[in-house]
Amino acid sequence: MDLRHCVIPAAGLGTRFLPATKALPKELLPVLDRPVIQWAVEEAVAAGASEMVVVISEGKELIQQHFTAQPDLEALLDARGKMAELAAVRATDHLASFTWVRQEQPLGLGHAVLCTAEAIGDHPFLCMLPDDLSYGTVPVLRQLVDAHKEYGTPILALMRVPPDQISRYGCAAIAESHGRVHRLSAVVEKPDRREAPSDLAIMGRYVLTPDIFDALRDTAPGAGGEIQLTDGIGALIRNGAVHGVEFTGELLDVGTPAGWLATNAMLALQDPVLGTVLRAAMEVDNR
Ligand code: UTP
């Protein structure tokens, strides 16, 4: 079993974060000291992946630069004795190997994944949306890899949500359950609350098998002309078993201003230095 590839779709427009994302890709917004995309790559590496296949669109080339060696910057930091900063910069050069894939038009998440077919070839692979950071003892992607080792099927990350929120997500219908692992009988993209088959939302972490590419090729575009990954996964379920894992820990939103702010605050409060700074800044009486 070879799960060395991780697909990271990063070609979206980031409209929920405008105007910050007018020129800057949302994947480069910082969370504490590093950009969102670096948190994603670090999670993928912790799950055992070593080859990142990142889908970008025109105008998002700056993401590539973050993972490319910057010899002039490194020489300058070295000459000035800024060794901690130099180590931090060098660490990003050696995190993983990268293949950059272009999505020419924003035709949806399913289409973005389909663009990686050639880069992936005939292997199972990980896929993660960098809009959420994994928070908890065992990274979410790692939990999916562990389930894949046991079941050998595609694995989705599932999270229970309140009934009034399920219409924002893809929703999983369950055939049978073993503790926190569920075999799926169907997936429904953004169901009406009254028609949702469960309260289990599909989150942006996956182990996928290469038959997803044929499934996506056969998937008709849905609303807005977009090809939905959920529809491709529905085809996999009709052809064989697909499991979902109700993961432990949390996924923290960094794809909206409110989520990004809350995530930064929460992580900062756990850092001894930043926590002190943040608590002092929050003491409004001191102003
Ligand atoms: P989102 O639904 O979050 O869309 O995409 P978005 O464009 O990134 O952001 P908003 O909603 O406009 O603010 C989910 C994931 O799928 C990728 C995005 O980059 C994100 O990681 N995606 C989406 C693509 O790579 N291509 C697409 O055509 C659509």
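Up top is the structure these notes are about.
Residues numbered from 1 in each chain as written. Predicted model: local features only at pLDDT ≥ 70, side-chain atom pairs only at ≥ 80, totals over all residues. Heavy atoms only, no water.

Trainee: Honestly, the pairing of strand S1 (residues 5-9) in this entry has me stumped. Any pointers?
Mentor: Residues in a regular strand point their side chains to alternate faces of the sheet. Where burial is concerned, most of S1 is hidden: five out of the five residues are buried. Alternating residues of S1 divide into His 5, Val 7 and Pro 9 and Cys 6 and Ile 8, and every residue in both groups is buried. Bridge count for S1 against strand S4 (residues 51-56) is five bridges, and the pairing is parallel. Across the sheet, residue Ile 8 finds its bridge partner in S4, namely Val 54. Sheet analysis places S1 next to strand S6 (residues 125-128), joined by two bridges and oriented parallel. In the strand pairing of S6, Cys 6 is matched with Leu 126. (Buried < 20%, exposed > 50% of the residue type's maximum accessible area, 1.4 Å probe, protein only. Helix = DSSP H or I, 4+ residues; strand = E, 2+ residues; numbered from the N terminus. Pairing = 2+ DSSP bridges.)

Trainee: Can you help me understand the side chain of Thr 263 in this one?
Mentor: Along the polypeptide, Thr 263 turns up in helix H10 (residues 257-269). When near neighbours in sequence (up to four residues on either side) are disregarded, Thr 263 contacts Val 31, Leu 133, Leu 252, Asp 253 and Val 254. (Contact = heavy atoms within 4.5 Å.)

Trainee: Just checking my understanding: could you explain the nonpolar core for this structure?
Mentor: Inside soluble globular proteins, nonpolar side chains tend to come together where they are buried. Counting residues in each nonpolar core, the largest one holds 37 residues, and the members touching the most others are Cys 6, Ile 8, Ile 37, Met 52, Leu 126 and Leu 141. Where this core is concerned, the elements lending two or more residues are S1, helix H1 (36-46), S4, S6, helix H7 (140-151), strand S8 (155-160) and strand S11 (200-208). The element contributing the most residues to this core is H7, with five residues. Counting 32 residues, the second-largest nonpolar core is a separate cluster that includes Val 55, Cys 127, Leu 184 and Val 242. (Core = buried A, V, L, I, M, F, W, Y, C linked by side-chain atoms within 4.5 Å.)

Trainee: Which parts of the structure should I look at to understand the side chain of His 111?
Mentor: Its location among the elements puts His 111 in helix H5 (residues 109-114). Apart from the residues within four sequence positions on either side, His 111 is in contact with Gln 103, Gln 105 and Ile 227.

Trainee: Got a minute to help me understand the packing of aromatic side chains in this structure?
Mentor: The description of an aromatic ring pair rests on the distance of the ring centres and on the angle between the ring planes. All told, the structure shown has five aromatic pairs when counted by the stated rule. On the numbers, 6.1 Å between centres and 80° between planes, the contact of Phe 17 with Trp 260 is edge-to-face. With a gap of 243 residues between them, Phe 17 in the loop between S1 and strand S2 (30-31) and Trp 260 in helix H10 connect regions that are remote in the sequence. Take Trp 260: its relative accessible area is 23%, and that puts it in the partly exposed class. Seen in terms of ring centroids, Phe 67 and Trp 100 are 6.5 Å apart; in terms of plane orientation they differ by 35°. Their pairing is tilted. Of this pair, Phe 67 sits in the loop between helix H2 (62-66) and helix H3 (71-79) while Trp 100 sits in strand S5 (residues 97-102), and the two are 33 residues apart along the sequence. Judged by relative accessible area, which is 7%, Phe 67 ranks as buried. By way of ring pairs, the aromatic residues Phe 67, Phe 98 and Trp 100 are connected into one cluster. Geometry around Trp 39 places Arg 34 over its ring, the cationic atom sitting 5.3 Å from the centre. (Phe/Tyr/Trp six-rings, centres within 6.5 Å; stacked < 30°, edge-to-face > 60°. Lys NZ or Arg CZ within 6 Å of the ring centre and 35° of its normal.)

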